[in-house]
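Observations on the model geometry
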Amino acid sequence: MKIVIDPTRCQGHGTCAALLAEYIEMDKWHYPILSKNQLKDSHMEAAKKAVQLCPELAIKIVEG
Amino acid sequence: MTDSTSTSIMAPSGARRITLGWDANWKTSNPEIAFAGHSQSRTRLSLAEHISNYGRIPTGFTYSLVSDSLRVANLTGRGGAKFPFYKKLAAVYEADRKKGCYIVANGAESEPLSIKDSMLLRTNPHLVIDGLVMIAEVLGAKGAYIYVKDKEAHSAINAALRERRERGFTEAKVTVVDAPATYVAGQETSVIRRIEKGPALPKFSIERVAVAGVKGQPTLLSNVETFAHLGLILRFGADWYRSGRSGFDSGSRLVTVSGSVDRPGLYEVSSGVAIGDILREAKAHSVRAVLVGGYFGGWLNVRDENDLKLIYDDSTLGEKKLSIGAGILGVLSKETCPVVEAASIVDYLAEQSAGQCGPCIHGLPEISTAFARIALSSNVDRGITELKAVIPLVERRGGCQHPDGVIAHVRSTVAAFGEEIKLHKAGKCSVASSNHQSMLLPKNAQGNLAAASGR
Ligand code: SF4
Ligand code: SF4
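Keep in mind that this is a model prediction, so the values were computed, not measured.

1. As for the overall build of chain A
Broken down by element type, chain A carries 2 helices and 4 strands. Counting helices and strands in the order they occur from the N terminus, chain A gives β-α-β-β-α-β. Over its C-alpha atoms chain A spans a radius of gyration of 10 Å, differing by no more than 12% from the 11 Å that the globule rule assigns to 64 residues. In terms of overall dimensions, chain A has a C-alpha envelope of 30 × 20 × 20 Å along the principal axes. Among the 64 residues that make up chain A, the fraction classed as buried is 42%. In chain A, of all internal contacts separated by at least 6 residues, the share reaching a separation of at least 24 is 52%.

2. As for the overall build of chain B
Each helix and strand counted, chain B has 18 helices and 10 strands in total. The 455 residues of chain B split such that 60% are buried. Nonlocal contacts in chain B, meaning residues at least 24 apart in sequence, comprise 74% of its contacts between residues at least 6 apart. Total accessible area on chain B is roughly 18000 Å²; 50% of this is exposed by carbon and sulfur atoms.

3. Concerning helix H6 (residues 125-139) of chain B
Residues and elements named next belong to chain B. The end-to-end C-alpha distance of H6, which contains 15 residues, comes to 21 Å, matching closely the 21 Å that a straight helix rising 1.5 Å per residue would cover. With 14 of its 15 residues buried, H6 lies for the most part within the structure. Just downstream of H6, Gly 140 is the residue with a positive phi angle, here 60 degrees.

4. Here we look at the nonpolar core
Residue and element names in this part refer to chain B. By size, the foremost hydrophobic cluster in this structure holds 63 residues, and its most contacted members are Tyr 295, Trp 299, Ile 345, Ile 367, Phe 371 and Leu 387. Element by element, the count of residues in this core is highest for helix H13 (residues 338-351), at 9 residues. The residue makeup of this core includes at least three contributed by each of domain 2 (252-333) and domain 3 (338-453). In this structure, Leu 89, Val 92, Ala 153 and Val 224 belong to the second largest nonpolar core, which totals 55 residues.

5. Section: the interface of chain B and chain A
Every contact between the two is made by 16 residues of chain B and, on the other side, 12 residues of chain A. Roughly 1200 Å² of surface becomes buried between chain B and chain A when both sides are summed, with 68% attributable to carbon and sulfur atoms. Area buried by chain B at its contact with chain A is led by Phe 204, Leu 393 and Arg 397 of chain B, which between them contribute 44% of it. Applying the counting rule to chain B against chain A returns 2 salt bridges.

6. Examining the environment of Met 44 of chain A
Residues and elements named next belong to chain A. Tracing the backbone through its elements, the reader meets Met 44 in helix H2 (residues 44-53). Exposure remark for Met 44: the relative accessible area of 17% places this residue in the buried category. Sequence-wise, Met 44 and Tyr 31 are 13 residues apart; in three dimensions their C-alpha atoms are separated by 22 Å. If near-sequence neighbours (up to four positions away) are discounted, Met 44 is found in contact with Met 1, Leu 39 and Ile 61.

7. Details of the environment of Glu 63 of chain A
Residue and element names in this part refer to chain A. Note that Glu 63 resides in the segment after strand S4 (59-62). Residue Glu 63 is classed as exposed on the basis of its relative accessible area of 67%. Remark: the alpha-carbon pair of Glu 63 and Gln 38, spanning 25 residues in sequence, is separated by 9.8 Å. With residues near it in sequence (within four places) discarded, Glu 63 still touches Met 1 and Lys 2.

8. With respect to the site of ligand 2
Residues in contact with ligand 2 amount to 13 residues; listed here are only the nearest, Ala 354, Gln 356, Cys 357, Cys 360 and Cys 400 of chain B. In the shell around ligand 2, the residues fall into 7 nonpolar, 6 polar and no charged.

9. Some details on the domain arrangement of chain B
Residue and element names in this part refer to chain B. Domain boundaries assigned for chain B yield domain 1 (36-242), domain 2 (252-333) and domain 3 (338-453). For domain 1 and domain 3, the distance between their C-alpha centres works out to 34 Å. Facing 10 residues of domain 1, the contacting portion of domain 3 comprises 11 residues. For the pair domain 1 and domain 3, the summed buried area comes to about 900 Å², and 66% of that belongs to carbon and sulfur atoms.

10. Concerning the packing of aromatic side chains
A complete count under the given rule lists 8 aromatic pairs over all chains for this structure. Put simply, the rings of Tyr 183, Tyr 295, Phe 296 and Tyr 348 of chain B touch in pairs and so form one group of aromatic residues. When the ring centre of Tyr 23 of chain A is taken as origin, the NZ or CZ atom of Lys 36 of chain A, which lies over that ring, is 5.3 Å away.

11. Looking at unusual backbone geometry
The general pattern is negative phi for most residues beyond glycine and trans for most peptide bonds. The backbone of Leu 57 of chain A sits at a positive phi, close to 50 degrees, despite the residue not being glycine. Inspection of the secondary structure puts Leu 57 of chain A in the loop between H2 and S4. Among the residues examined, Leu 57 of chain A registers a relative accessible area of 55% and is labelled exposed. One non-glycine residue, Lys 321 of chain B, lies in the positive phi region at around 60 degrees. Structurally, Lys 321 of chain B is set in the loop between helix H12 (314-319) and strand S10 (328-333).

12. Some details on the packing of H6 of chain B against helix H7 (residues 151-166) of chain B
Residues and elements named next belong to chain B. For the pair H6 and H7, the least separation of the axes is 9 Å and the interaxial angle reads 65 degrees. In the packing of H6 onto H7, the handedness of the crossing is right-handed. Together, Pro 125, His 126, Ile 129, Asp 130 and Val 133 of H6 and Ala 156, Ile 157, Ala 160, Leu 161, Glu 163 and Arg 164 of H7 make up the contact between the two elements. Here the contact of H6 with H7 is composed, by residue class, of 7 nonpolar, 1 polar and 3 charged.

13. Remarks on the pattern of salt bridges
One pass over the full model with this rule turns up 23 salt bridges over all chains. Between Lys 40 of chain A and Glu 22 of chain A there is a salt bridge, with its nearest N and O atoms 2.9 Å apart. With Lys 40 of chain A in the loop between strand S3 (32-34) and H2 and Glu 22 of chain A in the loop between helix H1 (15-19) and strand S2 (24-26), this residue pair connects regions lying 18 residues apart in the sequence. Relative accessible area serves as the criterion here: at 42%, Lys 40 of chain A is assigned to the partly exposed category. Residues Glu 163 of chain B and Arg 44 of chain B are paired through a salt bridge, measuring 2.8 Å at the closest nitrogen-oxygen approach. On the criterion of sequence distance, the pair formed by Glu 163 of chain B in helix H7 and Arg 44 of chain B in the loop between helix H1 (31-35) and helix H2 (47-54) is long-range, its members being 119 residues apart. Overlapping salt bridges bring together Arg 78, Lys 116, Asp 117 and Glu 225 of chain B as one network.

Procedures and definitions
- Counting from 1, residues in each chain are numbered in the order their sequence is written.
- Each chain is given a letter, starting from A, and each ligand a number, starting from 1, according to the order in which they appear as written.
- Only residues with pLDDT of at least 70 are given local features in this predicted model, and only at 80 or more are side-chain atom pairs given and counted; all residues enter the totals for whole chains, interfaces and linings.
- Note: side-chain values were computed over all heavy atoms of the structure, leaving out hydrogens and water.
- Secondary structure counts use DSSP, requiring at least four H or I residues in a row for a helix and at least two E residues in a row for a strand, with both numbered from the N terminus.
- The size measure is the radius of gyration over C-alpha atoms, and the globule rule it meets is 2.2 Å times the number of residues to the 0.38 power.
- Categorising residues by exposure relies on relative accessible area from a 1.4 Å probe, with only protein chains included: less than 20% of the type maximum marks a residue as buried, more than 50% marks it as exposed, and the intermediate range marks it as partly exposed.
- Any two residues whose heavy atoms approach within 4.5 Å are treated as being in contact.
- Only the protein chains shown count as cover for residues, with accessible areas throughout obtained via the Shrake-Rupley method and a probe of 1.4 Å.
- In this analysis, the expected span of each helix is defined as 1.5 Å times one less than the number of residues it contains.
- Residues belong to a common nonpolar core when they are buried Ala, Val, Leu, Ile, Met, Phe, Trp, Tyr or Cys residues joined through side-chain atoms within 4.5 Å.
- Either an automatic procedure or a domain database provided the assignment from which the domain bounds are taken.
- Here the quantity called buried area is the total loss of accessible area, with a 1.4 Å probe, experienced by two parts when brought into contact, counted for both.
- Between Lys or Arg on one side and Asp or Glu on the other, a salt bridge is scored when a side-chain nitrogen of the former is within 4 Å of a carboxyl oxygen of the latter.
- If even one non-hydrogen atom of a residue comes within 4 Å of a molecule or strand, that residue is called near it.
- Each residue gets one of three labels, nonpolar for Ala, Val, Leu, Ile, Met, Phe, Trp, Tyr, Cys and Pro, charged for Asp, Glu, Lys and Arg, and polar for the others, Gly among them.
- Centres within 6.5 Å are what make two rings of Phe, Tyr or Trp a pair, Trp counting through its six-membered ring; a difference in plane orientation under 30 degrees is then read as stacked, over 60 as edge-to-face, and the rest as tilted.
- Think of it as a cone above the ring: NZ of Lys or CZ of Arg counts as a charge over the ring if it is within 6 Å of the ring centre and within 35 degrees of the ring normal.
- Helix axes are fitted to C-alpha atoms over the stretch in contact, other axes to C-alpha atoms as well, and angles between N-to-C directions run from 0 to 180 degrees.
- Crossing handedness follows the turn of the near helix against the far one: under a right angle anticlockwise gives a left-handed crossing, and clockwise gives a right-handed one.

Shown next, in the form of structure tokens:
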């Protein structure tokens, strides 16, 4: 499974980066950069939480 | 599949100003005029004229017949992606045959330097409609759309559709959808959203349009010119289509030539022709550089005649990291600094962001500012350093192709005009002109580079 972020929705709140520090860092304009997207099983819970907590519904977990 | 009329219609060869392959009535079409939205009196081919020119619309195609024919013809999409059309067709065909699919002819033509789609629809709407309905029949599509920018083209299609109804044609229903005159309106996902009655803004999707397009259904989306070629190939056969061939691409294509030329306008160009041949037809003069493919395309640095011997097909252009793109050749004269021109275009493009994605909203103005420093020789080293830092923060991070297109333009400028940039570094410029008027931007889009460089 992998994480995708819809850039057209994301408003750069950064909740995701706090939850998924290993995958997401914020750029200088405070938008998330996915440094890697293949989710480890052990991070699935955190990823699901990021999906739920993103205020713009910009994050998805998809097959692949 | 071959019709007896094929003998009377020649596959075009060379570069001709008038699109003989499909319209003998085409008068001059001046991009200046098209920019301002005026229309000259250009004749639309009526249904009767269309049929007497090209013959009846063939029916009874099967998927495999069409697919084979397109593969042999080697037809590629004419919107800039140079993707083999039969593969696109196959992707839609395989994605879903039961739920039904949609077909879309994209005539948004948001590149200001292009007039081909608009002119084609105004003068020859039946040929586009033919291609569209034939493919719709083959795929059993649920709906077919033409997405179109200008009013004249819209009314030409409507008139053509009316004629077809009056003649009792039983064919797929074609819906015409208006495209707003914005740069991003032509992005694939913008087209889909607009057809779904949303705004013409890009949408993020992990699936390709061929799999999930209009209403989430498989959608065959291609440039209007592609469908016109289909209308010809399915009548006269792939061999006819390839008969003008000498390079990698086969068939002809529509090319808009503008800038430092005495005869700007639309040309129908057969494969295997050199860029110089097309420019000679267009009476280009004082050629310093050519923008190949449009604003998302790249620059050909012209030092002497030899540089113009480049063959205008994607395999040859590819060796120079250029591509036919949307069929645009913008000729820059020696009175204009190419780096300044490029920076003006990049500044224009930065303003065309749809304003949805952070990296595009914040990154494009930074790219434009840095690039303007190089163009105006105000601080070349700083400009280069800033570009190196900001490009990785923008590239592949937008919701559509727009920012990557801008970056491609910047890279191509740096690659083509290294010597010029060196001059700028020394505080000089090969062209002594403080008052830059862009040759390749629409009149109403002349920005202010100095302001950009000081941001
Ligand atoms: S939480 Fe959502 S809106 Fe905020 S930065 Fe992450 S993806 Fe963007
Ligand atoms: S990348 Fe730019 S132009 Fe494309 S959707 Fe995002 S903001 Fe709009």
